[in-house]
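Structure at a glance
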Amino acid sequence: MTVSETATTEPSTTGDDVLVDVRGVKVHFPIKKGVIFDKVVGYVYAVDGVDLQIRRGETYGLVGESGCGKSTLGRAILNLETPTEGSVVFDGEDIASLSGERLRRKRKDIQMVFQDPMGSLDPRQSVESLLIEGMKAHGLAKDERSAAKRLRELLSAVGLPAAALKKYPHEFSGGQRQRIGIARALSVDPKLIVADEPVSALDVSVQAQVINLLEDLQEEFGLTYLVVAHDLAVVRHISDRIGVMYLGALVEEAEADDLYAQPLHPYTRALMSAVPVPDPLVEDRRERILLKGDLPSPANPPKGCRFHTRCPWRQETRCDTERPQLRVVEVAGAPESHRVACHWAEQIESGEIQAHEVTATLTEQTASGGEDDFVGPASVTEAL
Amino acid sequence: MTETIENVQTQANRNEALLSVRDLRVTFQRHGEKPFVAVDGVSFDVRPGETVGLVGESGCGKSVTSLAIMGLLPRRGVKVEGEVDFQGTDLLRQSDDQMRDRRGRDLGMIFQDPLSSLNPVVPIGVQVTEVLERHRGMSRKAATPVAREMLDKVGIPDPERRLKDYPHQLSGGMRQRALIAMALACQPRVLIADEPTTALDVTIQAQILALLKDLVEDTGTALVMITHDLGVVAGLCDRVNVLYGGKIVERGDRHPLFASPRHPYTVGLLGSIPRLDGTRGERLTPIPGSVSDNLPWDSACAFAPRCPNAIEVCREARPELLDDGGGRWLRCHNPVENPLEVTR
Ligand SMILES: Nc1ncnc2c1ncn2[C@@H]1O[C@H](COP(=O)(O)OP(=O)(O)O)[C@@H](O)[C@H]1O
Ligand SMILES: Nc1ncnc2c1ncn2[C@@H]1O[C@H](COP(=O)(O)OP(=O)(O)O)[C@@H](O)[C@H]1O
Ligand code: SF4
Ligand code: SF4
Ligand SMILES: [Mg+2]
Ligand SMILES: [Mg+2]
């Protein structure tokens, strides 16, 4: 099965200020069945037509619920996932066209910071060896003295003592490990850092340390960030621009302040209304848009607007049949940089179209579409 | 050592309280290891229809507190001291059989991970009806329509069909609803929810929290809400207990506590959270260090190495939990006077 709907590519000038240019990217994972011959019985449409540009020196935040395709898109930008369709142009070069030495050099320019620092750091390597590896590979540690100097600088940049060099990852706390992960990403002097849920495994007090560190490093080294996270409050705090994803596609993109001041896509409205704010005065006054039913499976996304099964503003026409594209909307106060993928964004904003009841639909959970990544302590069936 | 002043002060409320936790202390004693005090003299009350929050970062003792109350800690290798008074009975002195009977009937519990609390090979409907049979003495036949009604009440669409579903066929949000249905099937007087929405997406979290709020309002069940998320607490809890290193360090009513947090740790937590409605570009004020820097509570304030307010005595004497005279309980030698001045 292939998708008949194609994402239109917004014409936009690829100026010098654009570091990453993502055009019509799709990443479809085949679902295979069968014992001897792997037969493809369907696809997980993890990323299904995304266009976005990341400008030099900015922080682009990609936000959305688990399974919406954020990480897959991030991996596609890193060339760790080959797009089924579309292209990623990094610093003027299509990364799919690169190979050998040129690919290796480009790889150095894009580094990744992961959610789970423990899982991404080899436990048998000391911090020194973790940090020096990439530097050596890319000729950044020419002699011992310059390497030692650079290591010291790196550690001090991420706020770790020099004594950390001789230690191993397990000897550090979660927050310190994340600092090591960041230092490793920095060690090869990258242009872009893709940070996938960089703080979601950390306690809030430590989260704030890492968020501040990322901000400081960006300023110091002129870095460009793509931050992928499910926590809208975190994303809004650190991003200049935000793209909201739902089931493999961007549904809204805007400057962080504009998005917060005037969310225009029904999903963004619901998402924003659901984020708890640590202030009872705000919480008591808030009107929540409670979505009903389950998130549909990305292996079987709804036709038309992907949000139509849960959208409180869904209309009889267009919503079920026509896939909305990201577009500039004609709403007072919404600048051109604010784009929304909803047929009725204007009418919803003006109040012409009102929210209505939604009948909840359930999504049959399968191995490929489900949320099976629970982490939790207790297992006490007997409790009940 | 007991927290005498608090004990005296709360005697008056004690009769109203449905559940009174007094000086709860849980020590893990693994063979060949140093004993580890996970919960260190925790006291709080829960009244009918009230939602009480236990909030704090991972490892501060929230789950161990709830498991101790429910009698779900293993007997071996764990020492549980203190008192958990439920309507005149000390739950810590009940037998395993007596506790099994109370769980479900008097006390319900919801966990973070609904999948591990549900039996994977038994349909949801059977699991709910079994609870009704066991704790409310219903026949299977009488229990089935009640089970269906429960699923409907917690917002599971098409409950008739879902009764036949196995847990893995439901999404995380629907499983959590099923678990809430089971916990509520017996109309427990007290419901303990341990991070019930932590594994869920935020839009699903909003659904579940709204559901819990409605249920508490409708049934008068007392809710103990355990979470690391101050945002969840702000919207849901009447009273809030902030835990650090196994001890309550600050307690207050929801509105005054958030309006003027006084314990440096509470102030630090609030300064660490990026707020959706915050001013962008404003820097967060993190708490320095990590819990591995903690001092032992025996002769110091555990938080002292990370505390911007620390003074000499903080490293020499343990602070006790005291009423500041205005209904705020603080465990601190040098609390924040005007929090607005200290949030640097
Ligand atoms: N290697 C893979 N093979 C098959 N399916 C995958 C693979 N990686 C991700 N997926 C699926 O693609 C969807 C998007 O995943 P992901 O990008 O990790 O989402 P997010 O990061 O937003 O939580 C999910 O349904 C996930 O199960
Ligand atoms: N079975 C156990 N054996 C030993 N230590 C434990 C056990 N369960 C919990 N702990 C420890 O007790 C402390 C409190 O844990 P817990 O109550 O689970 O924290 P949380 O506040 O995150 O729920 C932690 O330091 C934890 O490591
Ligand atoms: S296109 Fe229709 S279904 Fe989609 S978000 Fe807009 S109103 Fe809702
Ligand atoms: S007792 Fe001292 S160290 Fe502890 S929180 Fe209060 S001021 Fe800080
Ligand atoms: Mg992800
Ligand atoms: Mg816990």
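Everything quoted here is computed from the prediction, not taken from an experiment.

1. Notes on the domain arrangement of chain B
Residue and element names in this part refer to chain B.
- Domain annotation of chain B identifies domain 1 (2-106 + 188-343) and domain 2 (107-187).
- For domain 1 and domain 2, the distance between their C-alpha centres works out to 29 Å.
- Contacts between the two partners involve 33 residues from domain 1 and, on the opposite side, 18 residues from domain 2.
- Both faces combined, the contact of domain 1 with domain 2 buries some 2,300 Å², and carbon together with sulfur accounts for 69% of it.
- The three residues of domain 1 that bury the most area against domain 2 are Pro-188, Leu-211 and Leu-215, which together make up 21% of that side's buried surface.
- Counting the contacts that link domain 1 with domain 2 gives zero salt bridges.
- Remark: the boundary between domain 1 and domain 2 carries ten residue pairs in polar contact (both at pLDDT 80 or more).
- Of all the elements in the fold, those that place two or more residues in the side of domain 1 that touches domain 2 are α2 (62-70), α3 (96-105), β7 (190-194) and α9 (202-219).
- The leading source of residues in the side of domain 1 that touches domain 2 is α3, at seven residues.
- Broken down by class, the residue content of the side of domain 1 that touches domain 2 amounts to 20 nonpolar, four polar and nine charged.

2. Brief notes about the packing of aromatic side chains
- By the definition in use, this model includes seven aromatic pairs over all chains.
- For the ring pair Tyr-246 of chain A and Tyr-267 of chain A, a centre distance of 4.6 Å and an interplane angle of 50° mean the geometry is tilted. Within this pair, whereas Tyr-246 of chain A is found in strand β9 (residues 241-246), its partner Tyr-267 of chain A is found in helix α10 (residues 266-274), the two being separated by 21 residues in sequence. Each member of the pair Tyr-246 of chain A and Tyr-267 of chain A is classed as buried.
- A centroid spacing of 4.5 Å and a plane angle of 55° characterise the contact between Tyr-244 of chain B and Tyr-265 of chain B, whose relative ring orientation is tilted. With Tyr-244 of chain B in strand β9 (residues 239-244) and Tyr-265 of chain B in helix α12 (residues 264-272), the pair connects residues that are 21 residues apart, well separated along the chain.
- Joined through ring pairs, the aromatic side chains of Tyr-246, Tyr-267 and Phe-307 of chain A make up one cluster.
- Directly above the aromatic system of Phe-172 of chain A lies the positively charged group of Lys-167 of chain A, at a separation of 5.8 Å from the ring centroid.
- Geometry around Trp-297 of chain B places Arg-331 of chain B over its ring, the cationic atom sitting 5.8 Å from the centre.

3. A short note on the UniProt feature "domain: ABC transporter" (unreviewed entry) in chain A
- When the UniProt feature table is mapped onto this chain, "domain: ABC transporter" (unreviewed entry) is found at residues 22-272 of chain A.
- End C-alpha atoms of residues 22-272 of chain A are separated by 26 Å, and the span's content is 39% helix alongside 28% strand.

4. Here we look at the interface of chain A and chain B
- Taken together, the contact between chain A and chain B spans 63 residues of the former and 69 residues of the latter.
- Buried area between chain A and chain B, summed over both chains or domains, comes out near 5,700 Å², and the portion from carbon and sulfur atoms is 58%.
- In this structure, the connection of chain A to chain B is made through four salt bridges.
- With a shortest N-O distance of 3.0 Å, Asp-216 of chain A and Arg-283 of chain B are connected by a salt bridge.
- For the pair chain A and chain B, the interface holds 17 residue pairs in polar contact (both at pLDDT 80 or more).

5. Considerations on the sheet that holds strand β10 (residues 247-253) of chain B
Residues and elements named next belong to chain B.
- Pairing within the open sheet is mixed, and its eight strands lie in the order β6-β7-β8-β3-β9-β10-β12-β11. Lying at the two open borders of the sheet, with one neighbouring strand each, are β6 (107-110) and β11 (321-323). Recorded for the sheet is a direction-independent mean angle of 20° between the axes of neighbouring strands.
- Pairing of β6 with β7 involves four bridges; the strand directions are parallel.

6. What about the environment of Glu-250 of chain B?
Residue and element names in this part refer to chain B.
- Following the sequence through the fold, Glu-250 ends up in strand β10.
- Along the chain, Glu-250 and Pro-264 lie 14 residues apart, while their C-alpha atoms are 9.5 Å from each other.
- Not counting residues within four places of it along the chain, the set of residues in contact with Glu-250 comprises Val-240, Asn-241, Val-242, Leu-257, Pro-261, Arg-262, His-263, Thr-266, Arg-328, Trp-329 and Leu-330.
- At 2.8 Å, the side chain of Glu-250 forms a polar contact with the side chain of Arg-328.

7. Quick notes on the site of ligand 4
- Of all residues adjacent to ligand 4, which total 13 residues, the nearest are Cys-301, Cys-307, Cys-314, Cys-332 and His-333 of chain B.
- Classifying every residue of the shell around ligand 4 by side-chain character gives nine nonpolar, four polar and no charged.

Cut-offs used in this document
Going along each chain's sequence as written, the residues are numbered from 1 onward. Chain A is the first chain written and ligand 1 is the first ligand written, with later ones labelled in order. The predicted origin of the model limits local features to residues at a pLDDT of at least 70 and limits the giving and counting of side-chain atom pairs to 80 or more, whereas totals for whole chains, interfaces and linings rest on all residues. Computation of side-chain values covers all heavy atoms of the structure but excludes hydrogens and water. Domain boundaries shown here were taken from an automatic or database domain assignment. By the convention used here, residues are in contact when the closest approach between their heavy atoms is within 4.5 Å. Summed over both partners, the accessible area lost on bringing two parts together, with a 1.4 Å probe, is the buried area. Take a side-chain nitrogen of Lys or Arg and a carboxyl oxygen of Asp or Glu: if they are within 4 Å of each other, that pair is a salt bridge. Two N or O atoms count as a polar contact when they lie within 3.5 Å, although within protein this holds only if one can serve as hydrogen donor and the other as acceptor, and sequence-adjacent residues are included solely when both atoms are side-chain atoms. Each helix is a run of H or I in the DSSP string that is no shorter than four residues. Each strand is a run of E no shorter than two, and both are numbered from the N terminus. Residues are grouped as follows: Ala, Val, Leu, Ile, Met, Phe, Trp, Tyr, Cys and Pro are nonpolar; Asp, Glu, Lys and Arg are charged; all remaining types, including Gly, are polar. Pairing of aromatic rings covers Phe, Tyr and the six-membered ring of Trp, with a centre-to-centre limit of 6.5 Å; geometry is then stacked below 30 degrees between planes, edge-to-face above 60, and tilted otherwise. Residue burial is assigned from relative accessible area. The probe radius is 1.4 Å, only protein chains are included, and a residue is buried under 20% of its type maximum, exposed over 50%, and partly exposed in between. Charge over a ring is defined by NZ of Lys or CZ of Arg lying within 6 Å of the ring centre and within 35 degrees of the ring normal. UniProt positions are given in the numbering used here, feature names are shortened, and annotations may be inferred rather than shown by experiment. The pairing criterion is simple: DSSP has to find at least two bridges between the two strands. For helices, the fitted axis covers only the stretch in contact; all axes are lines through C-alpha atoms, and the angles between them, taken along N-to-C directions, range from 0 to 180 degrees. For this purpose, a residue is taken to be near a molecule or strand whenever a single non-hydrogen atom of the residue falls within 4 Å of it.

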